Amino acid sequence: MLETGSPEYSVTRNYLDWITLLPWGVDSEDKLDLEFARKALDNDHYGLDDVKERILEFLAVGIMKGQISGSIILLVGPPGVGKTSIGHSIAEALGREFFRFSVGGIRDEAEIKGHRRTYIGAMPGKFIQTMKEVGTENPVIMLDEIDKIGASYHGDPASALLEVLDPEQNSDFLDHYLDLRFDLSKVLFICTANQLDTIPAPLLDRMEMIHLSGYIASEKLQIARKYLLPRQLNKAGLKRRDIKLNSPSLRAIIEGYARDPGVRRLEKQIGKIVRKSVVKILGGEETPIDVSPEVLKDYLGGPAFRDERNMSGPGLVTGLAWTAMGGATLTIEAVRTHTFNRGFKLTGQLGEVMQESAEIAYGYILSQAEAFGADLGFFKRAFIHLHVPAGATPKDGPSAGITMASALLSLALNKPVRHLAMTGELTLTGQVFPIGGIQEKLIAARRAGIRELILPDDNRSDYEEVPDHIRKGLKVHFVCSFEDVLPLLFRK
């Protein structure tokens, strides 16, 4: 009835196009085969047994029911551990359409819920666009970087996501542009994040969380041999016999150039070696190009990571920390700088919680100095400086409490601490409270060659959940109070 020249014509035509192109009631058939799903996950990922087991449990419930209902899974872990590729594998295992988009940096609520049709150039939100593109009502949709979603005067996209990611509400999802109810309850949503701190609590509450903690060196070696090296050779058009890159060389790359929890940096380093080898082959050099550990410097430059400095002496203690990049070891240094007046100074870009931990550690050691055999006169005159390298890296959290107290006691007694690492929150009465990130911290200790650890007793159950191959060869002491820590610190 509208004139074709009327501005309303194109708006209405567009709107009707969107309505007719959406997959109303169109589902793809799921592959309800647990063995096939297991193979699909194993083909694309080495290790991650606990993660795969959790995904297979979810699929098994769907197979038992005869249909896999919509769900919201959150994969949390450091960069490069395979969160996005696991999403691909799940879609392949189910035989569903897969669509991925990044919500990192989205600041406009209309990106989620669509624009109202009164605006010029109005469009539906990302979810309705996705449904049109995949052509089914039950795809696997991956929301990458959900921890980096922003907010601005345009609205808060994280709040808009609450309706989408709620199984109770998303069967009647209302897009502002469409203005018709659309059923998103059959969609399997997979979200990825590096950390949980920036995800709003109501949004986190709607998701099932699966942690990916990163890989140890032996797992990285297998991943490099089975996946990364063949992929880089294929990209460069080379055969496996053209380059001789054996296990000692790969181990040297992992230890010296790619110690991060994921394998992204490792793949980049292998890619660099392959590219330089191609140049040599085209320059007339005979194959295979032998890349031994001795010649890695010619390909990759000097090692980016050196062996942990064996820092020992009174006032030096190794702690374990959790970061968004995985676990890390921290050497805490305590030194008496002068005896002109009494004082306590902290450096190393410490956050408020960590500064309070240091104050608590100082107060506790001071109050218990005589009981621990330290000279109270030492603290009466000493100006103590406590530093946590590296100075340019911001640090926060309560888990360095017992480490700082041990450093101060070691300084007061003038005794070096044994070769071990520790983590745990300390209270003013000397109780040791639980902390998070146990698996990441154990991986960091293994990477640094530390085999003896002190952990809070309340974290015993978390430790028992860590896979056996990570715990193997580690001697762990569980402590309830600082009095339990004391006998473990110094050589008999």
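Residues numbered from 1 in each chain as written. Predicted model: local features only at pLDDT ≥ 70, side-chain atom pairs only at ≥ 80, totals over all residues. Heavy atoms only, no water.

Novice: Hey, could you go over helix H1 (residues 7-21) for me, with residue numbers and the actual values?
Specialist: Given 3.6 residues per helical turn, the α-helix brings residues three or four places apart onto the same face. Between its first and last C-alpha atoms H1 spans 22 Å; for 15 residues at 1.5 Å apiece the expected length is 21 Å, and the two agree. For H1, the full list of buried residues reads Tyr15, Trp18 and Ile19. The buried side chains of H1 occupy one side of the element, clustering within an arc of 100° when seen end-on. The elements touched by buried residues of H1 are helix H6 (126-134). (Helix = DSSP H or I, 4+ residues; strand = E, 2+ residues; numbered from the N terminus. Expected span 1.5 Å × (residues − 1). Buried < 20%, exposed > 50% of the residue type's maximum accessible area, 1.4 Å probe, protein only. Arc of directions from axis to C-beta. Contact = heavy atoms within 4.5 Å.)

Novice: Describe helix H19 (residues 482-489), with residues and values.
Specialist: Those residues of H19 not exposed but buried are Phe482, Val485, Leu488 and Leu489. Seen along its axis, H19 keeps its buried residues to an arc of 110°; they face one direction.

Novice: Describe in detail a positive patch on the surface, supporting the description with residues and values.
Specialist: A surface patch of positive charge is lined by Arg225, Lys226, Arg240 and Arg251. One can find lysine 226 in helix H9 (residues 217-236). Assessed through its relative accessible area of 49%, lysine 226 is described here as partly exposed. (Patch = residues over 30% accessible without salt bridge, like charges linked within 9 Å, V, L, I, M, F, W, Y side chains within 5 Å. Areas by Shrake-Rupley, 256 points an atom, 1.4 Å probe, with all protein chains shown as cover. Salt bridge = Lys/Arg side-chain N within 4 Å of Asp/Glu carboxyl O. Lys, Arg positive; Asp, Glu negative; His and termini not counted. Charge placed at Lys NZ, Arg CZ, Asp CG, Glu CD.)

Novice: If you had to explain empty space enclosed by the protein to someone new, which residues and values would you point to?
Specialist: Within the structure shown, the criterion is met by 2 cavities of 30 Å³ or more. Considered as a void within the structure, the largest cavity measures approximately 40 Å³ in volume. Forming the boundary of the largest cavity are Tyr215, Ile216, Ala217, Lys220, Ile254, Glu255, Ala258, Arg259 and Arg447. A class-by-class count of the residues in the lining of the largest cavity yields 5 nonpolar, no polar and 4 charged. In terms of lining residues, the second largest cavity is bounded by Gly70, Ser71, Ile72, Pro167, Asn170, Leu184, Ser185, Val187 and Phe189. Its residues placed into classes, the lining of the second largest cavity shows 5 nonpolar, 4 polar and no charged. (1 Å grid on protein atoms, 1.4 Å probe; cavity = no way out; pocket = protein on both sides within 12 Å on 5 of 7 lines; lining within 4 Å. Points joined across faces, edges and corners; volume = space filled by probe spheres on them. Nonpolar A, V, L, I, M, F, W, Y, C, P; charged D, E, K, R; others polar.)

Novice: Describe the pattern of salt bridges, listing the residues and the values that go with them.
Specialist: A full pass over the atoms with the stated rule returns 14 salt bridges. With a closest N to O distance of 2.8 Å, aspartate 30 and arginine 96 form a salt bridge. Here aspartate 30, found in the loop between H1 and helix H2 (34-44), pairs with arginine 96, found in the loop between helix H4 (83-94) and strand E2 (98-102); they are 66 residues apart in sequence, far enough to count as distant. The exposure class of arginine 96 is buried, given its relative accessible area of 7%. Two residues, aspartate 42 and lysine 52, come together in a salt bridge whose shortest N-O distance is 2.9 Å. Within this pair, whereas aspartate 42 is found in helix H2, its partner lysine 52 is found in helix H3 (residues 49-65), the two being separated by 10 residues in sequence. Since its relative accessible area comes to 38%, aspartate 42 is described here as partly exposed. For lysine 52, a relative accessible area of 9% corresponds to the buried category.

Novice: Lay out the side chain of aspartate 30 in plain terms, naming residues and giving numbers.
Specialist: Residue classification places aspartate 30 among the buried residues on the basis of a relative accessible area of 16%. Here arginine 96 takes part through its side chain, which lies 2.8 Å from a polar atom of the side chain of aspartate 30. Those residues in contact with aspartate 30 that sit more than four places away from it in its chain are Ile68, Leu94, Arg96 and Asn138. (Polar contact = N/O pair within 3.5 Å; in protein donor to acceptor, adjacent residues only side chain to side chain.)

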